[in-house]
Amino acid sequence: MSVDLNKAIVARFYEELWNKRDMSVADEIFAADCVTHQLQSGTASEEMPRSPAATKDHVAAWVAGFPDLRFIVEQMIAEGDHVVSRSVMHGTHTGVWHGLAPTRKQVSIRMYVDHRIADGKIVEDWVLVEALGFFHQLELVPSAQEILSSAGR
């Protein structure tokens, strides 16, 4: 497939699946055996299945916790079968999210995702989320600056 078609698939991921909440798009753009790699500093990437059904559950959990959630894609670069995007998710934590009671905090979460496309479907992705900033915005942890200040730096 061309890089333009691959970028169109990733654009659908953000705009139709996440922003418009059209869950049927997951069936169209995700391979049944897709794998996600959650990237975290200092640890090996955590791999997990990301079938269309798992993707729908993932989106539904986020939307339940952040009903006004919206992605803005700032940049998308494609080469071969990979599409890398830099985006920001905006939302307000007004619902329960992973057992966490609503904080009513507005958040902006920056992330990078590398999607690998094969035969018109997302077959693998690597996701890096600005987790410390996200948890700080929810007031679950101090800011990076506060952590460094308390460490005497």
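Scroll up for the structure.
Computed from a predicted model, the values in this text were never measured in an experiment. (Residues numbered from 1 in each chain as written. Predicted model: local features only at pLDDT ≥ 70, side-chain atom pairs only at ≥ 80, totals over all residues. Heavy atoms only, no water.)

Caption draft 1: Expanded view of the overall build of the protein chain. Assigned secondary structure in the protein chain consists of 5 helices and 6 strands. Starting at the N terminus and walking to the C terminus, you meet the elements of the protein chain as α-α-β-β-α-β-β-β-β-α-α. Taking 15 Å as the expected radius of gyration for a compact globule of 153 residues, we find that the protein chain reaches 16 Å, a close match to that expectation. Expressed along its principal axes, the backbone C-alpha trace of the protein chain runs to roughly 50 × 30 × 25 Å. (Helix = DSSP H or I, 4+ residues; strand = E, 2+ residues; numbered from the N terminus. Rg over C-alpha atoms; globule rule 2.2 N^0.38 Å.)

Caption draft 2: Representation of helix α3 (residues 52–65). Between the first and last C-alpha of α3 there are 20 Å, a value that for 14 residues agrees with the 20 Å anticipated at 1.5 Å per step. All of the buried residues along α3 are Pro 52, Thr 55, Val 59, Trp 62, Val 63 and Gly 65. Viewed along the axis of α3, the buried residues span an arc of 170 degrees, placing them on a single side of the element. As for α3, its buried residues are in contact with α1 (3–19), α2 (24–29), β1 (30–39), β4 (82–92), β5 (106–118) and α4 (131–137). (Expected span 1.5 Å × (residues − 1). Buried < 20%, exposed > 50% of the residue type's maximum accessible area, 1.4 Å probe, protein only. Arc of directions from axis to C-beta. Contact = heavy atoms within 4.5 Å.)

Caption draft 3: Spatial organisation of the pattern of salt bridges. For the structure on display, the rule yields 10 salt bridges. As a salt-bridge pair, Glu 15 and Arg 70 come within 4.0 Å of each other at their nearest N and O atoms. Linking Glu 15 in helix α1 with Arg 70 in strand β3 (residues 70–79), this pair joins segments that are 55 residues apart in sequence. Judged by relative accessible area, which is 33%, Glu 15 ranks as partly exposed. One salt bridge connects Glu 74 with Arg 86, and the closest N-O pair in it is separated by 3.0 Å. (Salt bridge = Lys/Arg side-chain N within 4 Å of Asp/Glu carboxyl O.)

Caption draft 4: Local environment of the packing of aromatic side chains. Taken as a whole, this structure holds 12 aromatic pairs when the rule is applied. Every member of this aromatic cluster is reached through a ring pair, and the members are Phe 13, Tyr 14, Trp 18, Phe 30 and Phe 71. (Phe/Tyr/Trp six-rings, centres within 6.5 Å; stacked < 30°, edge-to-face > 60°.)

Caption draft 5: Main features of the sheet that holds β5. Spatially, 6 strands are ordered β2-β1-β6-β5-β4-β3 in an open sheet, and the strand pairing comes out mixed. Whereas interior strands pair on both sides, the edge strands pair on one side only; in this sheet they are β2 (46–49) and β3. Averaged over all neighbouring strand pairs, the angle between strand axes comes to 20 degrees, with direction disregarded. Across 6 bridges, β1 lies against strand β6 (residues 121–129) in parallel orientation. Following the sheet pairing, Phe 30 is matched in β6 by Ile 122. Lying on the sheet, α3 is in contact with β1, β2, β4 and β5; it crosses β1 at an angle near 50 degrees. (Pairing = 2+ DSSP bridges. Axes fitted to C-alpha atoms, helices over the stretch in contact; angles between N-to-C directions.)

Caption draft 6: Representation of the pairing of β2 in the model. Alignment of β1 against β2, held across 4 bridges, turns out to be antiparallel. The residue bridging Gln 38 from the neighbouring strand is Glu 46, located in β2. The turn linking β1 back onto β2 is made up of 6 residues, and Gly 42 within it adopts a positive phi angle of 80 degrees.

Caption draft 7: Seen up close, unusual backbone geometry. The backbone phi angle of Arg 21 is positive, close to 60 degrees, even though this residue is not glycine. Along the chain, the position of Arg 21 falls in the loop between α1 and α2. A positive phi angle is found at Asp 119, which is not glycine, with a value near 55 degrees. Tracing the chain through its elements places Asp 119 in the loop between β5 and β6. Given the relative accessible area of 78%, Asp 119 is considered exposed.

So, to be careful, I would describe these as geometric facts and stop short of saying anything about function.
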